[in-house]
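# Fold and geometry: a report
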Amino acid sequence: MSVAKNLNTYLNNHYEGMTPENLIHLLYKGALKHLKCAREGIIEKSPKKRGEHLSRVIAIVSELNASIDPTMNDDSTRFLRGLYTSILMELPKISLTNDVKTIDLASAYIEKLNEIWETQVLNNPGGKPAAPATAPASYGGYNSGNTMEPRSIFA
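Described in the following lines is the structure provided in the data block. (Residues numbered from 1 in each chain as written. Predicted model: local features only at pLDDT ≥ 70, side-chain atom pairs only at ≥ 80, totals over all residues. Heavy atoms only, no water.)

Right, let's get into the overall build of the protein. When you go through the protein residue by residue, the secondary structure sums to 6 helices and 0 strands. Beginning at the N terminus, the succession of helices and strands in the protein can be written as α-α-α-α-α-α. Buried residues in the protein amount to 31% of all 155 residues. Considering only intrachain contacts with a sequence separation of at least 6, the fraction spanning at least 24 residues in the protein is 61%. With the model as given, the accessible surface of the protein reaches about 9400 Å², and the carbon-plus-sulfur share is 58%. (Helix = DSSP H or I, 4+ residues; strand = E, 2+ residues; numbered from the N terminus. Buried < 20%, exposed > 50% of the residue type's maximum accessible area, 1.4 Å probe, protein only. Contact = heavy atoms within 4.5 Å. Areas by Shrake-Rupley, 256 points an atom, 1.4 Å probe, with all protein chains shown as cover.)

Given below as structure tokens:
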């Protein structure tokens, strides 16, 4: 019991001093790590490994989606919500299909988001150049009227 309590205290203290920007960065890194492990689970034909890591990625992306300020409604915020929604629609399907391409695509999207976060929010001087500030309306579940449509960008 005291080991669990000590671990919980350690984790709370570890993350307590972090800024929200650094916590988001950790979530992106965690999602990428778990996507890699889920991919390994598929290749190794280990449903347990695949499932455990997929569920962690789904939890992380859900948390990222929930962390978006609900009062914001600009193009980039709508794009981000649509992207997270698309990822959340596709990841559960992997348990049935064992589709490595879907994991690779989700990894590419999250890696790009992480890169943008590092260069534009964390001001990482060693980062790669960031993507354009606005995304095309055809991505992230938008129709031509720039309204949300729950469709996948993975198709």
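Now that the structure has been shown, the text picks up again.
A word on helix α2 (residues 20-43). End to end, α2 covers 35 Å across 24 residues, agreeing with the expected 34 Å (1.5 Å per residue, within 8%). Where α2 is concerned, the buried positions are Ile24, His25, Tyr28, Gly30, Ala31, Leu32, His34, Leu35, Cys37, Ala38, Gly41 and Ile42. On its buried face, α2 sits against α3 (47-66), α4 (75-90), α5 (94-97) and α6 (100-121). Looking one or two residues beyond α2, the residue adopting positive phi is Lys45, at roughly 55 degrees. (Expected span 1.5 Å × (residues − 1).)

Here we come to unusual backbone geometry. Notably, Lys45 is not glycine yet its phi reads approximately 55 degrees, a positive angle. Checked against the element boundaries, Lys45 lands in the loop between α2 and α3. Taking relative accessible area as the criterion, Lys45 reaches 72% and is therefore assigned exposed. If you check the backbone angles, Asn98 has positive phi at about 55 degrees while not being a glycine.

With that settled, the discussion passes to α3. The first and last C-alpha atoms of α3 sit 28 Å apart over 20 residues, in line with the 28 Å expected at 1.5 Å per residue. Regarding α3, the residues found buried are Arg50, His53, Leu54, Val57, Ile60, Val61 and Leu64. Mapping the buried residues of α3 onto a view down its axis gives an arc of 125 degrees, with all of them on the same face. Structural note: α3 exposes Pro47, Lys48 and Ala66 on the side pointing more than 90 degrees away from its buried face. Turning to α3, the residues buried within the fold contact α2, α4, α5 and α6. (Arc of directions from axis to C-beta.)

The quantities given are spatial measurements derived from coordinates; they are silent on function.
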